[in-house]
Amino acid sequence: MFFGLNNILKKILPTGLFYRSLIIVVAPTIFLQIITTVVFFDSIWIKANKGLTKSLVGELKTLSDIYTGKDLSQISYLTEQFKFNFNYVINIKDEKLPTTVSERKYSPMDRSLRRELKSVFGSSNYWFDTIKYEEVVEIKVKSNDKIIQILFPRERIAPSSVRLFIFWITLPSLLLISIAIIFLKNQTKPIINLAKAAEKFGKGDFVSGIRPSGASEVRKAAYEFGKMAKRIDRHLKQRSEMLSGISHDLRTPLTRLKLQLAMLNQKDLSVKMSKDIDEMESMLNSYLQFAKSQVQEVSVATNINKLFNEIASEKNNKNFHLELPVQIVLVGRKNALKRCFNNIIENGLNYAKNVYVRISKSTNKLNVYINDDGPGIPLNQYKNVFKPFYRLDESRNLNLAGVGLGMSIAEDIVKSHGGNIELSESNYDGLQVKISLPL
Ligand SMILES: Nc1ncnc2c1ncn2[C@@H]1O[C@H](COP(=O)(O)OP(=O)(O)OP(=O)(O)O)[C@@H](O)[C@H]1O
Ligand SMILES: [Mg+2]
């Protein structure tokens, strides 16, 4: 049962840290306020109001009883006393009771007044009005064919102003909630910043100096995250710098070898060897090019539709078919993304005839499908083709230029954007490459 309740609560409650913390502060405050108001209203205000009304109606009864008596001197003396001591205005009128009902429906004051007057004077011998005058209540009571009109201050039966009470109980709560909002905003901001930085870093962006702020635990997390990001960054840089250094250094002995081969007398051997050396050279060149493009590129809002149109016009190939049904802007490293799409498209154009590119958008992802009608890749080779310098034997035999870096570069770029790249069989009989990138 509690499990179900828990699930319902999870669905209703906001997911953000700020709003959750706010509820933790606000809910008890409001709850307390409601309880205080109800208790005050029920046990203090209404009970006091009842008591006051009872004693007031008792006084009125005394007054009305005096008028039924015969002793005129006593009547005028007592009337004076009432006026003087209880702040009453008393008029004796020769008229009928008004027939209009002016009782307010949901007023506890009117209700207890009616009840008391009814029980003392009977249901048809009184009339009252609490709204005609702001601070004064008017009551008319029938006595001996005459009407006694009594006007008295409202505060005689209303213990205190309800509005004032509500104002004083609401004001501190509002103040408390405002202070809580300011404090909670300040406390949750560093966590949000840290989450944003982690997301950025996860997408392969460089996070420059995240400033630790907020509570000590959050500060420590931010500080440690910053240190970790720097370490990973340094490590990556070191790796690619080392590899490009090696590649660069290898070019000199290769050139030397080529020169020596040119001078070799056994021509058939030298031709074969220089072919191998050429291949090695193009591998090194490709790697160096890749290493160069890895140099920190900043993420920008990139219009994906524009990017593909650019690729299409550069290719200018009638076998390249583009379908862009949605408009997508994605924050990413534009040149890297272009290189990634280009590599896959280039493969399609090399190993197949037609290439079909289609983009689509799901909740928070961009999906790019690149299909071709070529021979495809055997299922057991899906993993291998992403390895650097790996080429299928058929491709090698085709004598197509290429070193086997295209797919691994593409994968690297996609992964560094927090995305995913998947191979499958295409509906056009060839290969389908699906690239998904978070928006
Ligand atoms: N669309 C495709 N159809 C068939 N085979 C493919 C396709 N795309 C890639 N391959 C196979 O996967 C291998 C690796 O591709 P990858 O793009 O990494 O290297 P490459 O195209 O040989 O060289 P380059 O570095 O110039 O791109 C290719 O050699 C090829 O055998
Ligand atoms: Mg390729």
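Residues numbered from 1 in each chain as written. Chains lettered and ligands numbered in written order. Predicted model: local features only at pLDDT ≥ 70, side-chain atom pairs only at ≥ 80, totals over all residues.

Spatially, five strands are ordered β6-β8-β9-β11-β10 in an open sheet, and the strand pairing comes out mixed. With partners counted over all chains shown, the strands left at the sheet margins are β6 (320-323) and β10 (420-425), one partner each. Direction aside, the axes of adjacent strands within the sheet are offset by 20° on average. Note: strand β9 (residues 365-372) against strand β11 (residues 431-438), seven bridges, orientation antiparallel. (Pairing = 2+ DSSP bridges. Helix = DSSP H or I, 4+ residues; strand = E, 2+ residues; numbered from the N terminus. Axes fitted to C-alpha atoms, helices over the stretch in contact; angles between N-to-C directions.)

Further remarks concern the sheet that holds strand β2 (residues 126-129). Taken together, the four strands give an open sheet; going across it, the order is β1-β4-β3-β2, and neighbouring strands pair in antiparallel fashion. The sheet terminates laterally at β1 (89-93) and β2, the two strands that pair on one side only. Adjacent strand axes in the sheet meet at a mean angle of 15° when their direction is disregarded. Direction of pairing for β1 relative to strand β4 (residues 146-153): antiparallel, over a ladder of five bridges. Residue Ile90 lies in a different strand from β4, and its bridge partner there is Ile150.

Moving on, we get to the domain arrangement of the protein chain. The domain architecture assigned to the protein chain consists of domain 1 (2-160) and domain 2 (297-438). On a C-alpha basis, the centres of domain 1 and domain 2 stand 81 Å from each other. (Domains from an automatic or database assignment.)

The next point concerns the packing of helix α9 (residues 334-351) against helix α11 (residues 406-416). Helix-helix packing is characterised by the crossing angle of the two axes and by the distance between the axes. Across the interface, α9 lies against α11 with an axial gap of 9 Å and an inter-helix angle of 145°. In this structure, α9 meets α11 at a crossing whose hand is left-handed. Counting all contacts with α9, which are made through Ala336, Leu337, Arg339, Cys340, Asn343, Ile344, Glu346 and Asn347, the residues of α11 involved are Gly406, Met407, Ile409, Ala410, Ile413 and Val414. (Left-handed = near helix turned anticlockwise from the far one by under 90°. Contact = placed C-beta atoms within 7 Å.)

For the rest of this paragraph, the subject is helix α4 (residues 108-121). For α4, with 14 residues, the first-to-last C-alpha span of 20 Å sits near the 20 Å given by 1.5 Å per residue. Buried residues of α4: Met109, Ser112, Leu113, Glu116 and Leu117, and no others. Around the axis of α4, the buried residues are gathered within 125° of arc, so they sit on the same side. Of the surrounding secondary structure, the elements contacted by the buried residues of α4 are α2 (17-68) and β2. Trailing α4 by a residue or two, Gly122 shows a phi angle of about 90°, which is positive. (Expected span 1.5 Å × (residues − 1). Buried ≥ 20, exposed ≤ 12 C-beta atoms within 10 Å, placed from the backbone. Arc of directions from axis to C-beta.)

This paragraph deals with the environment of Ile311. Here Ile311 is to be found in helix α8 (residues 304-315). Considering only alpha carbons, one finds Ile311 and Ile345, 34 residues apart in sequence, at a separation of 9.3 Å.

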